[in-house]
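Residue-level structure breakdown
Listed below, chain by chain, are the residues.
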Amino acid sequence: MSTTTKAAPPGAGRRAAGEPRGGRFDSSLGLIMLLVLVVMAQGPIRRALSAPVTQSWMTVFVAVVLQALPFLVLGVLLSALIAVFVPPSFFARALPRRPALAVPVAGVAGAVLPGCECASVPVAGVLVRRGVTPAAALAFVLSAPAINPIVLTATAVAFPRDPEMVLARFVASLLVACAMGWLWQRLGRADWLRPPARPSFHGHGRGAAFWASVRHDVMHAGGFLVVGAMAAATLKAVVPASRLHGAADDPVVSILALAVLAVLLSICSEADAFVAASLSQFSLTARLAFLVVGPMIDLKLFAMQTGTFGRGFALRFAPATFVLALLMSVLVGAVLL
């Protein structure tokens, strides 16, 4: 038996072991080349980093991120606790059966969900699936990211010299949420809204669902915070001050510009107040439009609404929300700011 056993070729083991070493060698070579390039370019890199524009950019970016990060983390933790440990049926039992009354109650109930729009859309999907009238669920999904205590506290910290901004944001956001709920109750059709098919954390234990919610919100909200801070820093440091002042000096252009900017930046509502506060060239009413429009309709929220309720719903709901939020910001700003 032993005489018929064939020995492996002498170089087979070395070739098998050599393949990973070759891969590691290629990776190491690439890393070494990168380090050599960095060392060779350290002069231009140092000059670029020491330039006044770069220094200004880094100052604004770090300031926005550090101010917003504590509120983002707290909001993520609290929203995960509510999403996992508060039964979805609680919201259905707490709402009146008449849709006209359920809409404002659901709008005010948005204050009990301390999270951003990333958390409110799944909760609204649960409400619709549990039999809550869609008008009330939509009022909730619009108000929750804008009037909850974490967002309002962050707004107060971001605008310490303008405390009226907190009240203006609360009033304008709640009015838009209720108005959109009543508008859907009046004009909405059942075939425009596709009910969500399954719960967000189906099949998970409470601990696993909690950490899954935390990871989801941190990855999404944290990433958008960084993007928003980078955009705000770029706008502050790179765009000529004359252009910003030109847009800011025109009341109509400034409001439209910041409303569109809120949609494009898609900043988490727990951090957008700090970005808005950094845009000091613009009026308080224009920055109010930024704070009211952003949590209700932006690029990531449009994608989430499409995935939860269907594209037909999002294509109708998003433009109406944008227009109404813009108009309400102007009206509330004229009265309170």
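None of the values given here were measured: they were computed from a predicted structure.

What the protein chain contains, in helices and strands, is 16 helices and zero strands. Counting the 337 residues in the protein chain, one finds 43% classified as buried. Within the protein chain, counting contacts between residues at least 6 apart in sequence, those at least 24 apart form 82% of the total. In the structure as shown, the protein chain presents an accessible area of about 17,100 Å², 70% of it carried by carbon and sulfur atoms.

A few words now on the packing of helix 7 (residues 134-147) against helix 8 (residues 149-158). Where helix 7 contacts helix 8, the two axes come as close as 5 Å, and the packing angle between them is 40°. Comparing their axes, helix 8 and helix 7 come out oblique. Residues Pro 145, Ala 146 and Ile 147 of helix 7 touch helix 8, and the partners they reach there are Pro 149, Val 151 and Leu 152. Each residue belonging to the contact of helix 7 with helix 8 can be placed in one class, and the counts come to six nonpolar, no polar and no charged.

On to helix 15 (residues 299-309). For helix 15, the complete set of buried residues consists of Lys 300, Leu 301, Met 304, Gln 305, Thr 308 and Phe 309. Projected down its long axis, helix 15 shows its buried positions confined to an angular sector of 135°, all on one face. One or two residues past the end of helix 15 sits Gly 310, with phi positive at roughly 105°.

Now for the pattern of salt bridges. This structure, assessed with the given rule, holds one salt bridge. One salt bridge connects Arg 169 with Asp 272, and the closest N-O pair in it is separated by 2.9 Å. With a gap of 103 residues between them, Arg 169 in helix 9 (residues 164-187) and Asp 272 in helix 13 (residues 272-278) connect regions that are remote in the sequence. Across this residue pair, the class does not change: Arg 169 and Asp 272 are buried.

Moving on to the packing of aromatic side chains. Summed over the entire model, instances satisfying the criterion amount to six aromatic pairs. Taken together, the aromatic side chains of Trp 184, Trp 192, Phe 309, Phe 313 and Phe 317 make up a single cluster linked through ring pairs.

To continue, consider the UniProt feature "transmembrane region" (unreviewed entry) in the protein chain. Annotation from UniProt places "transmembrane region" (unreviewed entry) at residues 28-45, 57-86, 135-159, 166-184, 218-239, 251-267, 273-293 and 313-336. The distance separating the terminal C-alpha atoms of residues 135-159 is 33 Å; by composition the span is 92% helix and 0% strand. Measuring from the first to the last C-alpha atom of residues 251-267 gives 23 Å, for a span that is 88% helix and 0% strand.

This part covers helix 5 (residues 99-109). Within helix 5, burial applies to Ala 102, Val 103, Ala 106 and Gly 107. For helix 5, the arc enclosing every buried residue in end-on projection is 135°, short of the 170-degree limit, so these residues lie on one face. Looking at the buried residues of helix 5, the elements they touch are helix 7 and helix 9.

Phe 159 and Phe 290 are the most contacted members of the largest nonpolar core, which totals 87 residues. When residues in this core are grouped by element, the largest group, 11 residues, is from helix 7. Among residues more than four places away in sequence, those in contact with Phe 159 are Met 165, Ala 273, Ala 276, Ala 277, Leu 284, Arg 287 and Leu 291.

Time to look at the confidence of the model for the protein chain. Model confidence for the protein chain is summarised by a mean pLDDT of 79, while 79% of its residues fall at 70 or above. Here residues 12-20 is a poorly scored stretch, pLDDT under 50, and it has one contact once near neighbours within four places are set aside; other chains count.

The contact between helix 5 and helix 9 brings their axes to 9 Å, and the two run at 150°. Taken together, helix 5 and helix 9 sit at an angle that is classed as roughly antiparallel. The interaxial crossing formed by helix 5 with helix 9 has right-handed handedness. In this structure, helix 5 contributes Pro 99, Ala 100, Val 103, Pro 104, Gly 107 and Val 108 to the contact, and helix 9 contributes Leu 174, Cys 178, Gly 181, Trp 182 and Gln 185.

Cut-offs and rules
Residues numbered from 1 in each chain as written. Predicted model: local features only at pLDDT ≥ 70, side-chain atom pairs only at ≥ 80, totals over all residues. Heavy atoms only, no water. Helix = DSSP H or I, 4+ residues; strand = E, 2+ residues; numbered from the N terminus. Buried < 20%, exposed > 50% of the residue type's maximum accessible area, 1.4 Å probe, protein only. Contact = heavy atoms within 4.5 Å. Areas by Shrake-Rupley, 256 points an atom, 1.4 Å probe, with all protein chains shown as cover. Axes fitted to C-alpha atoms, helices over the stretch in contact; angles between N-to-C directions. Parallel < 35°, antiparallel > 145°, perpendicular 65-115°, else oblique. Nonpolar A, V, L, I, M, F, W, Y, C, P; charged D, E, K, R; others polar. Arc of directions from axis to C-beta. Salt bridge = Lys/Arg side-chain N within 4 Å of Asp/Glu carboxyl O. Phe/Tyr/Trp six-rings, centres within 6.5 Å; stacked < 30°, edge-to-face > 60°. UniProt positions renumbered as here; feature names shortened; annotations may be inferred. Core = buried A, V, L, I, M, F, W, Y, C linked by side-chain atoms within 4.5 Å. pLDDT = per-residue confidence, 0-100. Left-handed = near helix turned anticlockwise from the far one by under 90°.

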